[in-house]
Every structure is written in structure tokens, then in C-alpha cells.
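Coordinates in review
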Amino acid sequence: MIFHCLFEQSGTFKNVLIKNGHKAFDYDILNDYGQTDYQVDLFNEIEKEFNNLVNSGTYQTIFSKMTSENDLLLRFFLVHIFVILTS
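Below: a short report on this structure. Quantities reported herein were computed from a predicted structural model and do not represent experimental measurements.

**Here's the deal with the layout of surface pockets**
Taken as a whole, the largest pocket spans an internal volume of roughly 330 Å³. Lining the largest pocket are 17 residues, and of these Gln9, Ser10, Gly11, Asp28 and Tyr33 sit closest to its centre. At 4 residues, the largest contribution of residues to the lining of the largest pocket is made by helix α1 (residues 10–19).

So this is what it looks like as C-alpha cells:
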């Protein structure tokens, strides 16, 4: 199983997964700490993959080689959810 951690705090979760013996990668548009595995605009990747699925597009995205048998996506919006719930 390979864990793919997306968005906020992805590096933190990736490091915990690796520490516990799992294979994990993080994806983010920022690389503030020099540890991001794949620095990419995730919203652009999601939009391209949506086009692939709905409109039979042919874009290569970070999702193109992932399989449901071997890969698990984890996405985090903790700060946004907290702000919405506390507003």
C-alpha cells in the first residue's frame, strides 16, 4: 500500500506513515521545508483528471498511475474546516 498525502499538513502525515513502516509521498504547491516529494498545483491536477474522466481527456496527472489496489489518497483541509466551523 502506498499512501499519497495531499494538501495541508501532508508532510507531517507522510513522515508519521513512514515512521510506522509505510510507503508514503506528499504533494503540495509549496515546499517551505524542502521535504515535499511532488511540488505541484493540486487543483490543476484535479481539474485535469476530472476532464480525463468526464470528457475522455488525455492529460497525464499525478493520479494517472495510481491504482485502487495499491494506492490510498489522503487529503487534508484541516485549517479550512476549522475556520468554517468556528466562524
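**Here we look at a nonpolar patch on the surface**
A grouping of Phe50, Leu53 and Val54 is seen on the molecular surface, where their side chains present a nonpolar patch of about 350 Å² in accessible area. If you trace the backbone, valine 54 turns up in helix α2 (residues 42–55).

**Remarks on the packing of aromatic side chains**
Under the counting rule described, the total for this entry stands at 3 aromatic pairs. Geometrically, the ring pair formed by phenylalanine 25 and tyrosine 38 is edge-to-face, given 6.0 Å between the ring centres and 65 degrees between the ring planes. Note that phenylalanine 25 is positioned in strand β2 (residues 23–28) and tyrosine 38 in strand β3 (residues 38–39), a separation of 13 residues in sequence. Accessibility expressed as a relative area gives 22% for phenylalanine 25, which makes it partly exposed. A relative accessible area of 39% places tyrosine 38 in the partly exposed class.

**Notes on unusual backbone geometry**
Residues apart from glycine generally show negative phi values, whereas peptide bonds are mostly found in trans. Here serine 56, not a glycine, exhibits a phi torsion of approximately 55 degrees, which is positive. Within the fold, serine 56 resides in the loop between α2 and β4 (71–76). For serine 56, a relative accessible area of 62% translates into the label exposed.

Procedures and definitions
Residues numbered from 1 in each chain as written. Predicted model: local features only at pLDDT ≥ 70, side-chain atom pairs only at ≥ 80, totals over all residues. Heavy atoms only, no water. 1 Å grid on protein atoms, 1.4 Å probe; cavity = no way out; pocket = protein on both sides within 12 Å on 5 of 7 lines; lining within 4 Å. Points joined across faces, edges and corners; volume = space filled by probe spheres on them. Helix = DSSP H or I, 4+ residues; strand = E, 2+ residues; numbered from the N terminus. Patch = residues over 30% accessible without salt bridge, like charges linked within 9 Å, V, L, I, M, F, W, Y side chains within 5 Å. Areas by Shrake-Rupley, 256 points an atom, 1.4 Å probe, with all protein chains shown as cover. Salt bridge = Lys/Arg side-chain N within 4 Å of Asp/Glu carboxyl O. Phe/Tyr/Trp six-rings, centres within 6.5 Å; stacked < 30°, edge-to-face > 60°. Buried < 20%, exposed > 50% of the residue type's maximum accessible area, 1.4 Å probe, protein only.

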